[in-house]
Amino acid sequence: MENNLITEDIQKNKLEKAFEILKTMASKPSGLIGLTIVLFHVVLALISPYIAPYDYKAISPNTMLLAPSAEHWFGTDSLGRDVFTRTILGGRTALTVTFFGSLIALLWGGLLGIFCGLVGGKIDDVVMRVVDAFLSIPWILAMLLIVSLLGTSTEVLIPALGFFYGKGIVRVARAATHDVIAKDFIVSARARGHSNMSIIWNEIIPNVRDAILVEGAMRWSWMLLGFSSLSFLGFGVSPPTPDWGLMISNARGLMSFAYWSVIAPIVGLSSLIIGINLTADAFAKALGIDRSTKAPV
Amino acid sequence: MNEIIESVKNLSIGFNSQKGKQISILRNVSTNIKKGETVGIVGESGSGKSTLALAMMGYIKQGLFPLKGECLFKSDDLLKMSSRQLEKIRGRKIAMIPQNAGQALTPNLKIGYQIDEALRLHTDLNKTERDKKISELLNKVRLPSPETMAFRYPHELSGGQQQRVAVAMALAGKPDLLLLDEPTTGLDVTTQAHVLELLRFIAKDTGTSMIYVSHDLGAIAQVSDRIVVMYAGEIVLEGPARKILKEPIHPYTYGLLKSIPKLSLAGLPASMPGSQPQPGSINEGCSFYDRCNLATDNCKKNSPDLEHIKKLDTNVRCFNYKELINQNNNLQTSITKKSNNSEANEVLKLKDVSISYAKQKFFDQLLNKISDQNPTVKDINIDIKKGETIALVGESGSGKSTILKSIAGLLKTKDGQIKFENDRILSSDLKMRNPNDLRAIQLIFQNPDESLNPNHTVEQILSQPLKLYFNLSGEELKKNIIDLLKKVRLGEFYMSRYPRQLSGGEKQRVAVARAFAAKPDIILCDEVTSALDVSVQAAVLNLLQQLKEDLGTTYVFVSHDLAVVRAISDRVAVLYQGRLCEIGPSQNVYKFPSHPYTEVLLGAVLEPDPDIKPKLVAEDIVEEKPPEKGCSFQGRCPRKIGDICNSKVPPWQIGENGNAIRCHINIEELASLQQ
Amino acid sequence: MLLLILKRIGLGLITLFIVSLITFVGVEVLPGDACTTYLEREAYGAALDACIKRLGLDVPAYERYLDWAANVVRGDFGYSLSGEMPINEVLGPRVKNSLVLASVSILIGIPLAIVLGIITALWRDKLPDIMISTITIFSMTIPEFISATLLILIVAIWLGWLPGIVIIPSDATFYELLSNIILPVVAISMIMTAHMARMVRSSVIQVMASDYVQMAILKGVPYWKMVFRHVLPNALLPAINVVALTIAWLLGGVVVTEVVFNYPGLGRLVIESISNRDLPVVQALAIILASIYVGINLIADLMTLMLNPRLKSLQIRK
């Protein structure tokens, strides 16, 4: 209490506040690295179709399994395709699918969580039981089943991933709402006679927003992990679309003599996941939330 | 007797701010502790008193570090010792009694183990001797059934018992010096008086020196031989307890003593402007300059040194202390309130109200069926007149806040009615009340940190009721907000601030402004000054009184602090375990307390005056639930007459001075018993 | 106390019941039934009739559910379509193999995580913490299939120390298993250990900042004694539940890892049965995996109940 820092008398609007958070995030090396990596991947995903040196699906028996060279920076794969081209293109599907998947997860998980936190009582119990039941089916089994029956199009993957990764957000949003609800400013608003909608909108959402956003950022990195695992198992995007998980899976059998075709996508995927994770961590710290006590469910 | 045990020399402690600046929270502190004496260190939150106390055990909190100076314990500097050396001193030579024993006892270890640990570390006793010693210690701190107590976990004890265990633990190593950090804060009035009495007994019995750190001058006054007053990290006044309390010659101490409400005085205490400066914001000049009414230009530029005044045996840090030397008869004065019109109509009536505390959730209040035979609050009958301030007092668990919540419509009543204006029954369901009734009754909460949304600016906070009740917008809204801020003595520039950028007193002013924004008829005040520092508390009380006199608002004022209640209220209702004990005009209840519980409660109050000792009449047992039959106070009553108290609910009696009490003993007989 | 335990067990059973409903209903609402899905283009005539008959698809859905549920309670999961044999026979050895893999990972992972978590917390922001925490972040974020692939590439292919691929039959002996599971265990426990270590770290840091730890220091309790008596019991208690959730999450990682190493466990069975569209086996797997999840959480709950003095005496104060 006594080593409180001096209160800064600076007024900020929303934009300045967002900028301030970014600045806090970048002030630590880990946050700066994370932000840089994520920015790099996003930019790469946007411009890669224009800078890719080769056609990602061009098969050529003459160039099979070439080692890295000036022509093929990362070498070629077993079908003679340029690994560099496929690597810089390989994050696009993953990024898009998981980004929109996270948005869906954030939306339904956040709303249901807030609702449960508010309602409490019997309804809350029942909903949480069902969420628990969903949690207890390993996501991979459920995802595989859905994908194998409905196909691997993005229209199936995005909502399916969004659904399965939203379960955890429900818990976080519910807990945050529970905490806020007990506060006197909510009691005060109720006693004044504000409508429920106005209380949710004005009093509750601003105070649970941070926790939910941080959780969403975290989900994003896990969803990426899950999505690439699906691709790796052959249940993600379908060939010949370049995708890191798929590339690793295909090149794995030959890696004893063509390690380059497996290393490049590994570096691509790992760096993105680590980048998102570091960013989520820095984001949480900048907002004053400790995320290390949460289990990855 | 004059041997010095510990001396602090020029000690400064600070931390590095985010901008790399070095900020000190203790500045140049020097003091000596003599053998056998009890020194009280008093100051508001943020004055550095706890940091000083911990440093005297060689302990510096994480993030802080000593800038200069030393803490000498018998000529060894504690701040330079290795942790190995400190382990030999802590608990054995200097022992600590912490502020909140409930949190300072390790939750997974039994009481007996925790005391045994201290004995093993600091004595050479064998197992059987230690076991004997444990029950001896538990006995000494007057804990019931010491044999079984050792096998219990901390959470199974009440707050007062936990504090006693902490005392026993500290005594285990037979220390030369006991450090007490706010040891009674957070305890109920009667428990606090008992623990304090125990500490005084121990000091006398063992001859141990004590350092008693507290924000509460009342507690300090009861135990200390010498008092050190801290302000913004400095010692501003130091001297014999009696001198400091009766003839304070530092303007801060003088103002502080004047701002404490006292049981013996009707009317409001004088308030001190402003609040304590934040560490790091003091540049040059006296740290009290902003709030001082004796300040001169000299005080702005130069900071005074601690000056020794031989005649008074006192050290003081002030250029102009001489002006205060002969003013001390002024200490016992207060601001008289405008008395309210006793002919006024009743605005709110509670009729046979009972409330059962089933846990309430947000939407499902409708689903709760209440079938409690022994409700938390029972048979409350109070008529509240327009424009009066009625106070509900009692210890924790007395149901005072519960009653407030049900008036606000936040808790459903089990039985009885709440009638508003012309005997119109208010629905006990918030959603069924009409908007005008909702507007007419407003709430102010204890802790402004919790009652103001941290994500809203002051402007947003104040615009909520204005928009909701009066549909204001644009310029008109803004004008109203500025008016409200002016009413609570805050400038226009506060509008764009967030609660975290305000001091405690400022936050509470915003909360007051928000309540008044609704132009209410009744304001329910729930412990509104409990979270504030003493010097700020008086200002908020005066503000509330001023607003009431200007606007004719009615207050229902809930507090555990009897002196505060005495200062602000016109009438008092005393509650025990959710049942009314006594109700009557303040001056009468305080002068002639009739009900045994009122007597116990008033007797336990600690006054900042070494001549007024608390009277301990009843045991400080904590009762979990109200008794099913008979008088609610039967378990602790010092005047219990027999079976009738256990079996029959006592009748109401009205005394000649207007007090109504619920007791089986005749009211006149009670009065004569108390003489 | 007993009532509380019974209540927890009851809740677990309800969860399992809901899981069985979800999987059953899920399979029902998805296009096609078990037979048409399995037989695909051959879903006509005698083959389809035989299949429908074998699975009893000609009776109403709710009757089928009750029948199936009753059999599951008795421990009979029905008939596998692809293996043409009772599911129990398919499952038996797979369950054993996966359990061996998972329990070895847990037995190594939990103690390691606790030790790492405590070290990083006690040396907070000092060199050991910075080093371990950095490694933790990496191993926590990299997917199992990548770490597994890298392990094979480095340890098996480049260094040639261990076999890269598990080549053992599904009914291998325990000893045969052990010698083959080193790499899979490393791959699985990496993520899990990292997560738990971080959890333990923040829990210990929180307790270290508590009033009672400050009190213990001021009482003169020596540092390590304080850590073991005052800090750890209180820091690890809340960690139990989170550890349980982490372990349950590990099941997904087990599936992927088993595929990478070609390990004959439940995980590979998941992929095989889904590739073969063998819905009865998938349903059985869902129930089994969910029971493991519920079981682990139940154990964690009960452990917390046993160890927490507050719940032990059942005198919960406000």
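Worth saying up front: this structure is predicted, and the values here are computed from it rather than measured.

Participant: I'd like a rundown of the overall build of chain A, residues and numbers included.
Facilitator: Counting its secondary structure elements, chain A contains eleven helices and zero strands. Ordered by position from N to C terminus, the α and β elements of chain A give α-α-α-α-α-α-α-α-α-α-α. For chain A, the spread of C-alpha atoms along the three principal axes comes to 80 × 50 × 30 Å. Per-residue burial over chain A gives 51% buried out of 297 residues.

Participant: Please give an account of the overall build of chain B that cites residues and values.
Facilitator: The helix and strand tally for chain B stands at 24 helices and 24 strands. Since a compact globule built from 675 residues should have a radius of gyration of about 26 Å, the 26 Å found for chain B is in line with a globular shape. Along the first, second and third principal axes, the C-alpha set of chain B runs to 75 × 65 × 50 Å. Within chain B, the fraction of its 675 residues that count as buried is 50%.

Participant: Pulling in residues and values, what's your account of the interface of chain C and chain B?
Facilitator: It is common to give the size of an interface as the accessible area that goes away when the parts come together. Facing the 21 residues of chain C at the interface are 25 residues of chain B. For the side of chain C that touches chain B, the elements supplying multiple residues, two or more each, are helix H10 (211–218), helix H11 (223–236) and helix H15 (309–312) of chain C. At six residues, the largest contribution of residues to the side of chain C that touches chain B is made by H10(C).

Participant: Break down the interface of chain C and chain A for me, with residues and values.
Facilitator: Listed per partner, the contact involves 44 residues of chain C and 39 residues of chain A. Tallying contributions element by element places helix H12 (residues 239–261) of chain C first for the side of chain C that touches chain A, with nine residues. Residue classes in the side of chain C that touches chain A are distributed as 33 nonpolar, eight polar and three charged.

Participant: Kindly report on the sheet that holds strand E6 (residues 94–97) of chain B, identifying the contributing residues and their values.
Facilitator: Residues and elements named next belong to chain B. Sheet architecture is open: eight strands sit in the order E6-E7-E8-E3-E9-E10-E12-E11, paired in mixed fashion. Either end of the sheet is taken by a strand with one partner, and the two such strands are E6 and strand E11 (307–309). Recorded for the sheet is a direction-independent mean angle of 20 degrees between the axes of neighbouring strands. In the sheet, E11 pairs with strand E12 (residues 314–316) via three bridges, with the strands oriented antiparallel. Paired with Glu307 across the two strands is Val316, which belongs to E12. With respect to the sheet, helix H7 (residues 159–172) is in contact with E6 and strand E7 (177–181), its orientation differing from that of E6 by roughly 175 degrees.

Participant: Quick one: what's the story with the sheet that holds strand E1 (residues 4–16) of chain B, residue by residue and with numbers?
Facilitator: All names here are of chain B. Spatially, E2-E1-E4-E5 is the arrangement adopted by the four strands of the open sheet, whose pairing is antiparallel. Every other strand in the sheet has two partners, leaving strand E2 (22–34) and strand E5 (76–77) as the edge strands with one partner each. The pairing of strand E4 (residues 65–73) with E5 spans two bridges and is classified as antiparallel. When the sheet's bridge partners are listed, Leu72 is paired in E5 with Asp77.

Participant: For unusual backbone geometry, give the residues involved together with the corresponding values.
Facilitator: Residue and element names in this part refer to chain B. One non-glycine residue, Lys74, lies in the positive phi region at around 45 degrees. As for its position among the elements, Lys74 is in the loop between E4 and E5. Looking at Lys74, the number of C-beta atoms within 10 Å reads 13, which means it is partly exposed.

Participant: Help me get a handle on helix H11 (residues 251–259) of chain B, residues and values and all.
Facilitator: Along H11(B), nine of the nine residues are buried, which leaves the element largely enclosed by surrounding structure. Buried within H11(B) we find B:Pro251, B:Tyr252, B:Thr253, B:Tyr254, B:Gly255, B:Leu256, B:Leu257, B:Lys258 and B:Ser259.

Participant: For the domain arrangement of chain B, give the residues involved together with the corresponding values.
Facilitator: Residue and element names in this part refer to chain B. What the domain assignment reports for chain B is domain 1 (4–93 + 175–248) and domain 2 (348–583). Each of domain 1 and domain 2 has a C-alpha centre, and these two points are 38 Å apart. Domain 1 puts six residues into the contact, and the matching count from domain 2 is seven residues. Per-class residue counts for the side of domain 1 that touches domain 2 are one nonpolar, three polar and two charged.

Participant: Which residues make up the packing of helix H18 (residues 504–517) of chain B against helix H19 (residues 534–551) of chain B, and what values go with them?
Facilitator: All names here are of chain B. Two numbers describe how H18 lies on H19: the axes approach to 10 Å, and their chain directions differ by 15 degrees. When the axes of H18 and H19 are compared, the pair comes out roughly parallel. For the crossing formed where H18 meets H19, the hand is right-handed. Across the interface between the two elements, Gly504, Gly505, Gln508, Arg509, Val512 and Phe516 of H18 pack against Val536, Ala539, Val540, Leu543, Leu544 and Leu547 of H19. Of the residues that constitute the contact of H18 with H19, the class distribution is eight nonpolar, three polar and one charged.

Participant: Break down the pairing of E6(B) for me, with residues and values.
Facilitator: Residues and elements named next belong to chain B. Residues Ile94 and Met96 line one face of E6 and the alternating positions Ala95 and Ile97 line the opposite face, and both faces are buried. Bridging between E6 and E7 involves four bridges; their strand directions are parallel. Within E7, the position partnered with Ala95 by the bridge is Leu178.

Participant: Pulling in residues and values, what's your account of the packing of H11(B) against H19(B)?
Facilitator: Residues and elements named next belong to chain B. Viewed as axis vectors pointing N to C, H11 and H19 meet at an angle of 50 degrees, and their least axial separation amounts to 9 Å. Classified by the angle between their axes, H11 and H19 sit oblique to one another. The way H11 lies across H19 gives a crossing that is left-handed. Residues Gly255, Leu256 and Ser259 of H11 form the contact with H19, whose participating residues are Val534, Ser535 and Ala538. For the contact of H11 with H19, the residue count by class is three nonpolar, three polar and no charged.

Participant: Residues and numbers for helix H17 (residues 474–487) of chain B, please.
Facilitator: Residue and element names in this part refer to chain B. The first and last C-alpha atoms of H17 sit 20 Å apart over 14 residues, in line with the 20 Å expected at 1.5 Å per residue. Where H17 is concerned, the buried positions are Ile481, Leu484 and Leu485. Seen from one end, H17 has its buried residues packed into an arc of 100 degrees, which puts them on one side. Exposed residues pointing more than 90 degrees away from the buried face of H17 are listed as Glu475, Glu476, Lys479 and Lys486. Contacts made by the buried residues of H17 are with helix H16 (458–470) and H18. In the segment just after H17, Arg489 is the residue with positive phi, at about 60 degrees.

Participant: Outline the confidence of the model for chain A, listing residues and values.
Facilitator: All names here are of chain A. Mean pLDDT for chain A: 80, with 92% of residues reaching 70 or above. Highest mean pLDDT in chain A belongs to helix H8 (residues 184–192) (90); lowest belongs to helix H6 (residues 139–150) (77). Confidence drops under pLDDT 50 across residues 293–297; counting only partners more than four residues distant or on other chains, this segment forms 16 contacts.

Conventions used here
Residues numbered from 1 in each chain as written. Chains lettered and ligands numbered in written order. Predicted model: local features only at pLDDT ≥ 70, side-chain atom pairs only at ≥ 80, totals over all residues. Helix = DSSP H or I, 4+ residues; strand = E, 2+ residues; numbered from the N terminus. Buried ≥ 20, exposed ≤ 12 C-beta atoms within 10 Å, placed from the backbone. Rg over C-alpha atoms; globule rule 2.2 N^0.38 Å. Contact = placed C-beta atoms within 7 Å. Nonpolar A, V, L, I, M, F, W, Y, C, P; charged D, E, K, R; others polar. Pairing = 2+ DSSP bridges. Axes fitted to C-alpha atoms, helices over the stretch in contact; angles between N-to-C directions. Domains from an automatic or database assignment. Parallel < 35°, antiparallel > 145°, perpendicular 65-115°, else oblique. Left-handed = near helix turned anticlockwise from the far one by under 90°. Expected span 1.5 Å × (residues − 1). Arc of directions from axis to C-beta. pLDDT = per-residue confidence, 0-100.

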